[in-house]
Amino acid sequence: MASSKILKHYALERNPFTDRTAEKSNLSPEAYYLLSDMEGFKPNETTYLFFGKRGSGKTTIRTQMLRTYEEYNRKATIGGEVKPHFVVDLCKPGHTTACLRHFQDHLGCADDSWDARFSDKWQSADLVDCILSYAATLLVEEMRVPGPCANKMLDILRKDEKHKKQFLLLAHIYAHADYTTLADLRDKLMPGRSAMLLAATAASSLFGTGAALVGAAAMTDKRASHIAQKLSDVCVQMLPTSLKSPKAIVGAAVVTAAGAYFVKQRRTTSYCAKRAQQLLNPVHVVPHRSLDIVQNVVDSLFAIADNCDTIRSNYLGNSGHQKLELLQNLVCALGYQSVAVFGDCFDEVGLLDPVSYPGALKAFAREVCKNDILNFGRLHFFFPDSRIALDLNTDRVLKEARFDRHFVRDLVWSRHQLEDLAERRWRACQASDPSKNEDDTPRFADLFSKVGAEDFSSSLAKLHTPRELLIMMTEMLARIEAHNDGEYVVAAQDMEIAVSKAAEQAL
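Fair warning: this is a prediction, and the values are worked out from it, not measured in the lab. (Residues numbered from 1 in each chain as written. Predicted model: local features only at pLDDT ≥ 70, side-chain atom pairs only at ≥ 80, totals over all residues. Heavy atoms only, no water.)

Now for the packing of helix α19 (residues 415–428) against helix α20 (residues 453–461). Running from N to C, α19 and α20 cross one another at 100°; their axes reach a closest spacing of 9 Å. The orientation of α19 relative to α20 falls into the category roughly perpendicular. Across from R415, L418 and E419 in α19, the residues of α20 making contact are F456, S457, L460 and A461. When the residues that make up the contact of α19 with α20 are grouped by side-chain class, the tally is four nonpolar, one polar and two charged. (Axes fitted to C-alpha atoms, helices over the stretch in contact; angles between N-to-C directions. Helix = DSSP H or I, 4+ residues; strand = E, 2+ residues; numbered from the N terminus. Parallel < 35°, antiparallel > 145°, perpendicular 65-115°, else oblique. Contact = heavy atoms within 4.5 Å. Nonpolar A, V, L, I, M, F, W, Y, C, P; charged D, E, K, R; others polar.)

Below is the structure:
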């Protein structure tokens, strides 16, 4: 393939400025600008919050952090001396979009009223429910695939009654899994009770069918109790006569017992259904599973005396922080070291689009920035604007967030930092030639040999983000190729035009 003349002139293997996002870049780590406080980053319990415009380098920092976690996890073993971290990655917009769509369905609002309703109803507990949904789905998927890791976690749950109950509740309330997968998990974790559950369900169905045949299924508890009482009164009235007939005595006793059992059974069934529904009601970010399935699971795991509040407090949690703590206890019991959460690209979620729904993104960020949530640790959130633009600098938010207790960084780029980034990318893409001295290798500054220092500085000062820099450099190299005079250097006028193009394209 023929090589570009301008790239060959500057000993470049490729254009250093064509990529726009960190996920799609294939440059070496040396090509990126590393903030001094990110030097030597290792997984730790600190909460990190980054604020910056689109293209300000948030995703680059996030990918560097995630890469560090991945390298650490590759050396770790579940349940071993060095345990891996359980990473919840909310950075792909699809998961957050699905959660918010379900939340919108719960509110029953249209898109035109979404901004106001979301700002009024969204809470930090709903945010944590999104995390629980992702975590539960991931855990179910890991245990579904046969292998040493899945077998080890299943063995742990079989021996640990509390965490087995917690996992099954999370799987049936929060996880995105089909019925067959959940039934398989129930068979593996509670085989005896699962068979009894099927038998009880079948017996209940037969009983209901029989009751329907005689009209009892349509009765209310009050009506059934009234009839049972009438039957008992009849039996008492018949007692003197029935003493002469043992069969009558037995029949009367059976009728009375059947009526009492029917009333008790209906009341118990109603209570269990209500308890299961109460567990589902606070969850707004995932579609509710069939009530019969959830009720059967809850009934098989807990006694009738365990009400909804007891189950939720001990196994699911009420506040956002409590939910995260219980999730961490579960994954630590399964052999992980901790839970680490990453959140990014929120402006790419349709229902958080800052142009269409400016209030929604502010409300979302406000619920994240609460010390009750941030104090959990190992949270890494990246927001697509400054704290001022997101209304996070008010006295109320500052008191609730306690930013002073966490790592908070506003990504603002100076002219010198952008120039350093451009040079890093330039050197990373230059082909190494052992036959040449380092002084003979074309430098980044050679490209601007005809541009005065003042013009160069003023042009770079108009740029605000690395993405604007990349757009400007791409446009500038294209103009040099189009107006090649054999020198392959940029003119001050071309640089000004390229800066204007960058300002137009970078949103």
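This part takes up the nonpolar core. Formed by 85 residues in total, the largest nonpolar core has its most connected members in W114, F118, W122, F167, L352 and F383. Apart from the residues within four sequence positions on either side, W122 is in contact with L100, F103, L127, C130, V285, A363, F364 and E367. (Core = buried A, V, L, I, M, F, W, Y, C linked by side-chain atoms within 4.5 Å. Buried < 20%, exposed > 50% of the residue type's maximum accessible area, 1.4 Å probe, protein only.)

This part covers α19. Counted at 1.5 Å a residue, the expected span for α19 with its 14 residues is 20 Å, and the 20 Å between its end C-alpha atoms agrees. Q417, L418, L421, A422, R425 and W426 are the residues of α19 that are buried. Each element contacted by the buried residues of α19 is listed here: α20 and α21 (466–482). (Expected span 1.5 Å × (residues − 1).)

A separate point is the pattern of salt bridges. Side-chain pairs of opposite charge can arise where the charged atoms are in close proximity. Applying the stated criterion to the full structure yields 22 salt bridges. Close ionic contact of R396 with E400 constitutes a salt bridge, the shortest N to O distance being 3.5 Å. Here R396 and its partner E400 are both found in helix α18 (residues 395–401), four residues apart, which amounts to about one turn of the helix. Overall, the relative accessible area of 28% leaves E400 in the partly exposed class. Residue R427 pairs with E423 through a salt bridge whose shortest N-O separation is 3.9 Å. In this pair, R427 and E423 are both assigned in helix α19, four residues apart and thus about one turn of the helix distant. (Salt bridge = Lys/Arg side-chain N within 4 Å of Asp/Glu carboxyl O.)

Right, let's get into the sheet that holds strand β4 (residues 379–383). A sheet is described by the order of its strands in space; here five strands give the open sequence β2-β3-β4-β1-β5, paired in parallel fashion. On the outer flanks of this sheet lie β2 (85–89) and β5 (407–410), each paired with one strand and no other. The average undirected angle you get between the axes of adjacent strands in this sheet is 10°. Pairing geometry for strand β1 (residues 48–51) and β5, over four bridges, is parallel. The residue bridging F50 from the neighbouring strand is R409, located in β5. (Pairing = 2+ DSSP bridges.)

Another aspect to go through is the environment of F407. Tracing the backbone shows F407 in strand β5. Relative accessible area serves as the criterion here: at 19%, F407 is assigned to the buried category. Spatially, the C-alpha atoms of F407 and T47 are 6.1 Å apart, while their sequence positions differ by 360 residues. For F407, the residues in contact, after removing those within four places along its chain, are D37, M38, T46, T47, Y48, L49 and F50.

Turning next to the side chain of K58. Counting through the fold element by element, K58 comes out in helix α2 (residues 58–74). Notably, K58 is buried but unbridged: the nearest opposite-charge side chain belongs to D344, and the N-O separation is 5.6 Å. Within the local environment of K58, its side chain forms a polar contact with the backbone oxygen of K53, the two atoms lying 2.9 Å apart. (Lys, Arg positive; Asp, Glu negative; His and termini not counted. Polar contact = N/O pair within 3.5 Å; in protein donor to acceptor, adjacent residues only side chain to side chain.)

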